[in-house]
Amino acid sequence: MVFEPKILGFLCNWCSYAGADLAGVSRVQYPPNIRVIRVMCSGRVDPMFIFKAFQVGADGVIVMGCHPGDCHYLEGNYEAEKKYNMTEKFLKLIGFDNRVRLEWVSASEGTRYGAVVTEFTQQIKDAGPSPAKDNEELLFKLKALEMAAATDRMRALVGRERHITEDENVYGEKVSLEKFNEIFDKAIKDEYERAQVLLSLEKGVNNVKLLAAKLDIDPSIVLEHLLILKQRMEIDFGEIMENTPVFVRL
Amino acid sequence: MEKIGAVMVVGAGIGGSQASLDLGDAGFKIYLIESSTSIGGVMAQLDKTFPTNDCAMCIVSPKLVETGRHQNIDLSINCEILDVSGEAGNFTVKVKKKSLYIDPDVCTGCGVCGQNCPVEAIDLFNEGLAKYKATSVKYPQAVPLVYAINKDYCIGCGICLGVCKAKAVQYDREDEIVDINVGAVILAPGFDEYVPPEGNLYGYGKYKNVVTSIEFERILSASGPYAGKVLRPSDGDIPIDVAFIQCVGSRDYSGVGKPYCSSVCCMYTAKEAVIAHEHMHQIEPTIFSMDIRAYGKDFDKYIIRAQEEYHVKYIRSRISSVTEIPETKDLRIRYETEDGKILEKDFQMVVLSVGLNPPDDAKYLADKFGIDLNEYDFAKTDIWNPVQTSKPGIYACGAFSQPKDIPETVTQASAAAGCVNQLLYDKRGTLITEKSLPPEIFVAGQPPRIGVFICHCGINIGGFVDVPEVTRYAGTLPNVVMSDRNLYTCSADTQTIIKEKIKEYNLNRVIVASCTPRTHEPLFQETIREAGLNRYLFQMANIRDQCSWVHMNEPEAATQKAKDLVRMAVNKARNIEPLNRIKLSITPKALVIGGGITGMTAALNFASQDFETYLVEKEAQLGGFARHIYHTLEGGDVQEFLKDLINKVKSNKNIHVYTEAEIEDVAGYLGNFKTTLVHGKNKEKAEFDHGVVVVATGAQEYKPKEYLYGQNDKVILQSELEKMINTSDDIKNKKSIVMIQCVGSRNEEHPYCSKMCCAEAIKNALRIKEKYPSCEITILFRDIRTYGFKEKFYREARKKGVLFLRYDEDNLPEVSQEDSQLKVKVTTARKDTIYVNADLLALSAGIISDREENEELAMMLKVPLNDDNFYLEAHVKLRPVDFATEGVFVAGLAHCPKTIEDCISQANAAVSRACTILSKDEVEAEGKVAMINVARCIGCGMCVENCAYSAIEIVEDRRFGRVASINQALCKGCGACSGNCRCSAIDILGFTSEQIYAMITGRL
Amino acid sequence: MTQTETKTESEEWTPKIIAFLCNWCSYAGADLAGVSRIQYPPNIRIVRVPCSGRVSPFFIIKSLMDGWDGVVISGCHPGDCHYISGNLVARRRFGIIRDVLEFFGIEPGRVNFMWASAAEGERFAVLIRKATKIIKELGPIKKF
Amino acid sequence: MSEEEEEIRIGVFVCHCGSNIGGYIDCKSIAEWAKSLPHVVFTQDNLYTCSETGLAQIKKGVNENNLNRVIVASCTPRTHEPLFRSCIQEEGVNPYLFNFVNIRDQNTWVHQKEPEKAFEKAKELIAMGVAKAAKLEPLEKIIVDTTPTALVIGAGVAGITAALSMANQGFETHLVEKEAEIGGKLNILDKLYPTNQDASELLKSLKKRVNDNTNLTVYTSASVKSIEGFIGNFEIEIEQNGNVKELTIGVIIVAVGASLFTPTGLFNYDGQKRITQAELETLLKNNQVESSNVVMIQCVGSRIEERKYCSSVCCMVALKNALEIKERNPKANVTILFRDLYTPGTYYEDYYRRAREAGVIFIEYAPEKMPIVEDNQVRVHNEYLGQDILIPYDLVVLSTPLVSNEDNKDIAQMLKVPLEENGFFLEAHVKLRPMDFATDGVYICGSAKWPVDITESIAQGYAAASRASTIISHSTLEVEGATSSLPEYNRNLCTGCEVCITVCPYKAISKDENDEILIQQVLCKGCGVCGATCTNHAIVIRHFTDDQILSEILAFGGQYDGV
């Protein structure tokens, strides 16, 4: 059977959705694999939506917004780009980064819309069906990514990224993208691992060594994560079993 | 130059805080300058303290809170010293107060900024074991509880600005540079711990399960990263076999570490081993050590307990290598035993007992303040006065001059304060301002009119507790005439509101429902006092620390609890009455008991501050035991010093010396003692009043019954040997001299170390070797305890050929006499038996207390003795020269064996503590004290026994016969008497039974 | 008033516990639990006393008579007392009170003595959880 | 609460759109299939749902089946949503309980060759639409009263034009000028290009019109002290001579103009023999120019590293003044040293030609080899000759740029509008909304935005007034209901971190006096960026809530939340 990917598109109302309509009016033909969710602005696309989409069986997700400078809401698409970049970085951790795309399509680019969708559909076809389907482990990881992206830490960083790297931070200085990314990338890795730890705890994987083995992270790092999660009041020490403390999710 | 009545204290660890408190209490203006963002220093990092296993935080935090709030102490954190000019009596110090980027006056320390900061950085307070945020406070109980932004990590995202409800974040806050004019400076920057360099043989930095002792301290701490669970960093398991390796970076002549002994490591290692075992019983600690230097008061007992009760194993060895077993991350230690075997053992974790280094900025400070450092870069101090630096007017205390433990640090802090008192005494009270307060409104007997202020604490309370609902509820409670809520009740503008409301509603009781009274009650009490209400007409309900913060997931239950707590507070408030603080007048005179170096130093210090002083000596002449000492190990001429001291005492018009004196009675209490004594050959009677007492009665040399002492005249004491060396030529023809250490010390009869004997033996040995290099000297020892910089002399003695042989406690040397030849048999640790012929045998006899004499005086002064009959101070760690009984202090050998310099420090410290009282015309006692209902009292005396402060006595009452009577000046209001009173005759003002019943019964 | 306290069927019964904490160690420990945001059951109401030695046996009996389901008394660890020996006095006193309570027919488990230092926020929470559990198992107090 | 408890009853109407949809997929069977979806109680297929008949069918369906959610699967919401919304509104159903499913433009039309797949796609899109519809909540549009008054800040030619235009439309208009006289740069100009009309003439006529206009109040030597509120309802404080006047204003036009640049230290500028064009204007005005050798240097202080922009008016000013000198003294030598001459449009190009014809000499210089003004001659390197040319002078005139006013920042802060890097005001969109700010109700014209000449200033003045009048020509303002909000039940989630404030391009979010986040519904456009950014998921984007979008995603994956 030919693989027909399920693709979810988030289209901004003013440019991309209009472009998609124009494609229709112009009878531009493209593969019917895409399902569109209309949002007012690409900046509305919460990273959570994308992780969720993969968890419920999407093979690919595409976010489309106005071209830089054309945003109906002035700058929403710039914010979208930052959020998308973070999402992509997260997905890269599980090799899903080739299943997402951010494209700028204007209201007048019906043909281009068709081309982009066609091309992206092909890309996903080439990539094959999402390995997450019925794959406990990948679903677990996707869930972890979703949780990680939803932490206030990640959201604060991504929410302020544009401001402090392109404009100026509170000290009137511009933070170099390099420095920002160093912190950002570390945060992505940490939060992903911590989310995995939390999810594992829920499944009864509850001490440092078991967690380290399951998640393939150095036990000392697992311990660090656990301590931070404890500070955040997500978990607590439980009883001690054979000289190893057990951690419990609160 | 005009003298200035202000003092700068640099470094706000326990030493700096103590010095500030002493001097602040004595009426000086204090500028306390701290380089980090909160005070408390290393002590605040500790879990427990030796030798009592006291919780460090419990005992230090009240002191820190007091320091932070003291009205004469101006505390500045995050500071840097830029420049110093001037001279003793008048210095100008340029200080840079580095910006915290948070307004410390506005920050309420609620911590929301830290929780929301997205940038994680390392937490230094937990020694890198936990992560903290770019906005953070050093530790949860920090004083001042002010957050700071670490700009090195901060990316300037601005989140903290938004989440700070108090609006304390100020990114454009600039550094401030101020010139501070002071009369004297006390340097108390503490120490920095030794960090094993890269490539160290212990694998520190390379193996995760090798940690330093200070890191291990945080691991042990209940408020540390692992919440007090002992876990190893590699995998969070509880380690079973834990090795402690001593002398890491100390007593190290290889050039990697430091040559001196860090003095405290033996004890803290034992403590850490004990606490580790206590926290997790499965842990079996092993300590690798060279000598065990448990030379302080009750230290040896602690080591014994560690071994016997906590199964701490000691191995005398320097280890040769530590290697990690990659699969398990366990550590394999290779070591050589005393008898020469090479062994290996695996441990789950290794703790390195790292030494104490001079502070990293020691050279910088020395340069700025113009003081000299010694060969190890510690502050160089006067040989007779260990707190006096090379520059007059500048004093050093604590580990800055030599590694030392907490009580010694606290003693030195007070000693430095004592020296400052001496320098600036006539400027006391010149730079401090007393607040003028309106007269108190008379409210007694009026129906309560209660005002309740409920705090949102930003979102800290309001986020979980329905504050409007609690406010509404409070308004419905009996006698509550107004209830209001505030964003931050502690903010300055709210204080104004409270005062206005008191006027508007004619309030006569005020309740604040917010955080904890431990930190904030004094603030609100001050506020209502300013509004004319007695400060005890205040109640606090803790609805944050003990409610909203601990029930964050149950907002409804938390709201209900907050209501209950407010109601309980209202119920209590309805029963509270104004209290008065009793004022006691002070007789500005001092009594010093004991005319040795300690007593004379104390007396001279008092006298030079124009306090009339009575110096009482039981012997015919002054000088005490020092009359038998010629030199110190470091080379000081004791006799000359003593002569000078005696002359000064005798010529001082403020000192009345009584020799051949015997105290008959000391009556009275703090500020108002009356002493009677007889003195002189004719037993003349004398009687005088005084405000304070310093006990400096000293101790005695043990007269051995062992080793043929007294039977063979070749067997002498070290003190006799010293006399021989210094006054005769008798040594000349002695070919072999043997010394035996620990004679009459560290045994069953005297289970403590006499501290000085090792130094004494080495001093004499070195003197002999100097004069007669061919003389063979053998020292038989158990542990050589040349702590601190004295280590140098031990090393020198070894170099010069002095033979050191170690024997075990259960295998004591034997001395026999064959013909005229003395023979000493010793079984060494290698189990070899050696015979040494001795032309002279010197016994290092211990120091013992005079039991009878001490018991008699202790009874008179109502102060306790310890098991060894030395005087027992109020608190082993933090009140080393105080007694629980106020106005009475202890110094010198009466406290425990110690060196001359330490005696001098203690003497000055005792003076400083006494000056906090003598400097005032009157002292104010706490208002919350015990009160006797004489009609109910049957005079059983139970309360007298229970009172730790000797504040109760049984008196004859005209109407009720024998009843208890409370000296409110001495009472601390703990309530131990009341809780035990069988007749319910005692009540505690401020915590009366009626008030507590009201809280109990007002449940619904 | 206390007699009127009823619980709705659906709601699980939770005990009401009164705690007497000494100001210097346990109260500070309870504060630290808060500062560290360590969560414990909200059934406890805290009364601050200067020292555990202040807690008269009457306070305990009065509390139980008044309908509190349990009492917690916590002071400094032995040797840590701010008032030198107040906690030791308390310890001696409370050694006896459990027997007295039993004599009255009150389960001794309703009265819990413990030590918690100013650094033991975690321990404080654990002890409160434990005490709550014990008292919960004992059920509501009998009314006098 | 009652709405929540109310049973959700969804009706699905599938449009054939003639053969546009029906020609490819079987709408009838789709409608039939849709009945199987959760909460769907009624379905119908219509030939043209948007026709009178179709609308009547919807109304009937709603009435007979008690529908409280309506879905139309047809063309695109962008064109047809309002129609269907008002249709169900007429039947008493809140218009926001309507949901559109696009099965034509984005389905049948684009998958004409794969009708089976298009059929499946249509079903899935409808399933997603139903999932979202089940989560929809009724919303109300917000109506705000507007005050029919205007404030114009700056009484230069742009400001006066805008103010007159507003006043002439009958709006009470307030014109604030910081100087003692109105007129701005007209006060210093001599002639105006390309007509060579006297600037004073124009000024005189403007002043007269201002004075005669009863709707217009002028405040000179005055400044705006504070601006609170929002579109239609700004609260303004104007300070004049120490007195503060409070006004309620509907719209604000920023026309603060720009400042002259003094080229201290450049080309030996001394204000005597080496002056600026502005100073030359004054000399010309007073007829004091007697020089016979005039050298003008263009781009002095503009198009350099520090100030990268072209000031756009200087070329024309130089030409105008050169011609003026030539006209008064045809013997005078006038040389213009330039980098590029910008004379756009026929009028201006023509003007340039006239200058050449009049004998003005043009010499190009390169920025790497700047002309050097010596004591009596100017040394300029000529690329073509490959050597320096020496031009004797008795007057050097430097063409300096207009620069932004120093107090722009204060005004920008009060208005919550942005400045660009050179300190000029930044409009909402460079191409599409040149007179608007992102902040509603605030408009921009003249050199405050960018250096412009008189002609352009006048044009912009009219344009800004026209934009502004669209707001206050209505007594009320209707605001979209699908905006972002911080609902009461989410208040405790808000940490106050203010990230939403930074990302909101409309400055619709601020903190109120209680330090709590306040979303000004009137200003919010509902883009949703704040909601997607909110660090603690406290902000709800109405009509596009997380819940609604997630249910669409779940439906996409074949899952139905809550069923």
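Computed from a predicted structure; not experimentally measured.

## Considering unusual backbone geometry
Link 1 in the chain: Of note, the amide linkage connecting Val143(B) to Pro144(B) takes the cis form, showing an omega dihedral of -10°.
Link 2 in the chain: You can see Pro144(B) is positioned in the loop between strand E10 (135–136) and strand E11 (148–149).
Link 3 in the chain: The peptide bond linking Tyr193(D) to Pro194(D) adopts the cis configuration, its omega dihedral lying at -5°.
Link 4 in the chain: Structurally, the position occupied by Pro194(D) is in the loop between strand E8 (191–192) and strand E9 (197–198).
Link 5 in the chain: The phi torsion at Lys416(D) lies on the positive side, around 55°, for a residue other than glycine.
Link 6 in the chain: Checked against the element boundaries, Lys416(D) lands in the loop between helix H12 (408–415) and strand E25 (442–444).
Link 7 in the chain: The class of Lys416(D) is partly exposed, set by a relative accessible area of 36%.

## Quick notes on the packing of aromatic side chains
Link 1 in the chain: Here the structure, examined in full by the defined rule, presents 48 aromatic pairs over all chains.
Link 2 in the chain: Look at Phe781(B) and Phe804(B): their rings are 6.2 Å apart centre to centre, the planes differ by 75°, and that puts the pair in the edge-to-face class. On the criterion of sequence distance, the pair formed by Phe781(B) in strand E40 (residues 776–781) and Phe804(B) in strand E41 (residues 803–806) is long-range, its members being 23 residues apart.
Link 3 in the chain: Taking the centre distance of 5.1 Å and the plane angle of 85° together, the rings of Tyr352(D) and Phe362(D) count as edge-to-face. With Tyr352(D) in helix H11 (residues 345–357) and Phe362(D) in strand E19 (residues 361–364), this residue pair connects regions lying 10 residues apart in the sequence.
Link 4 in the chain: The exposure class of Tyr352(D) is buried, given its relative accessible area of 15%.
Link 5 in the chain: For Phe362(D), a relative accessible area of 11% translates into the label buried.
Link 6 in the chain: The structure contains a cluster of three or more aromatic residues connected by ring pairs, namely Phe50(B), Tyr295(B), Phe299(B) and Tyr787(B).
Link 7 in the chain: A cation over a ring is seen here: Arg27(A) above Trp109(D), with NZ or CZ 3.7 Å from the ring centre.
Link 8 in the chain: The aromatic ring of Phe347(B) is capped on one face by Lys345(B), whose charged end is 5.1 Å from the ring centroid.

## A word on helix H5 (residues 136–150) of chain A
Every α-helix carries 3.6 residues per turn, so stepping three or four residues along brings you back to the same face.
All names here are of chain A.
Link 1 in the chain: For H5, which comprises 15 residues, the first-to-last C-alpha distance of 21 Å matches the rise-based estimate of 21 Å (1.5 Å per residue) to within 8%.
Link 2 in the chain: Those residues of H5 lying buried are Leu138, Phe140, Leu142, Ala144, Leu145, Glu146, Ala148 and Ala149.
Link 3 in the chain: In this structure, the buried side of H5 is in contact with helix H2 (47–55), helix H3 (76–92), helix H6 (152–167), helix H7 (177–202) and helix H8 (208–215).
Link 4 in the chain: Where H5 starts, the residue carrying a side-chain oxygen 3.0 Å from the main-chain nitrogen of Glu137 turns out to be Asn135.

## Considerations on the packing of helix H7 (residues 157–168) of chain D against helix H8 (residues 199–212) of chain D
Any two packed helices are characterised by the angle at which their axes cross and by the distance between the axes.
All names here are of chain D.
Link 1 in the chain: Following both chains from N to C, one finds H7 and H8 inclined at 35°, their axes separated by 11 Å at the closest point. Of the two elements, H7 crosses H8, and the hand of that crossing is left-handed. Residues Val157, Ile160 and Leu164 of H7 pack against Leu202, Leu206, Arg209 and Val210 of H8.

## Observations concerning the domain arrangement of chain D
Link 1 in the chain: Each domain of chain D was delimited in the assignment, giving domain 1 (10–139), domain 2 (149–258 + 404–477), domain 3 (262–402) and domain 4 (484–542).
Link 2 in the chain: For domain 1 of chain D versus domain 4 of chain D, the distance between C-alpha centres works out to 33 Å.

## Points about the interface of chain D and chain B
Link 1 in the chain: Tallying the contact residues gives 8 residues for chain D and 10 residues for chain B.
Link 2 in the chain: Summing both partners gives a buried area of about 700 Å² for chain D against chain B, and 49% of it is carried by carbon and sulfur.
Link 3 in the chain: Ranking the residues of chain D by area buried against chain B places Thr495(D), Cys497(D) and Asp515(D) at the top, with a combined share of 60%.
Link 4 in the chain: For the pair chain D and chain B, the number of links is 1 salt bridge.
Link 5 in the chain: For Lys167(B), the salt bridge identified is with Asp515(D), shortest N-O distance 3.1 Å.

Rules used throughout
- Residues numbered from 1 in each chain as written.
- Chains lettered and ligands numbered in written order.
- Predicted model: local features only at pLDDT ≥ 70, side-chain atom pairs only at ≥ 80, totals over all residues.
- Heavy atoms only, no water.
- Helix = DSSP H or I, 4+ residues; strand = E, 2+ residues; numbered from the N terminus.
- Buried < 20%, exposed > 50% of the residue type's maximum accessible area, 1.4 Å probe, protein only.
- Phe/Tyr/Trp six-rings, centres within 6.5 Å; stacked < 30°, edge-to-face > 60°.
- Lys NZ or Arg CZ within 6 Å of the ring centre and 35° of its normal.
- Expected span 1.5 Å × (residues − 1).
- Contact = heavy atoms within 4.5 Å.
- Polar contact = N/O pair within 3.5 Å; in protein donor to acceptor, adjacent residues only side chain to side chain.
- Axes fitted to C-alpha atoms, helices over the stretch in contact; angles between N-to-C directions.
- Left-handed = near helix turned anticlockwise from the far one by under 90°.
- Domains from an automatic or database assignment.
- Buried area = accessible area lost by both parts, 1.4 Å probe.
- Salt bridge = Lys/Arg side-chain N within 4 Å of Asp/Glu carboxyl O.

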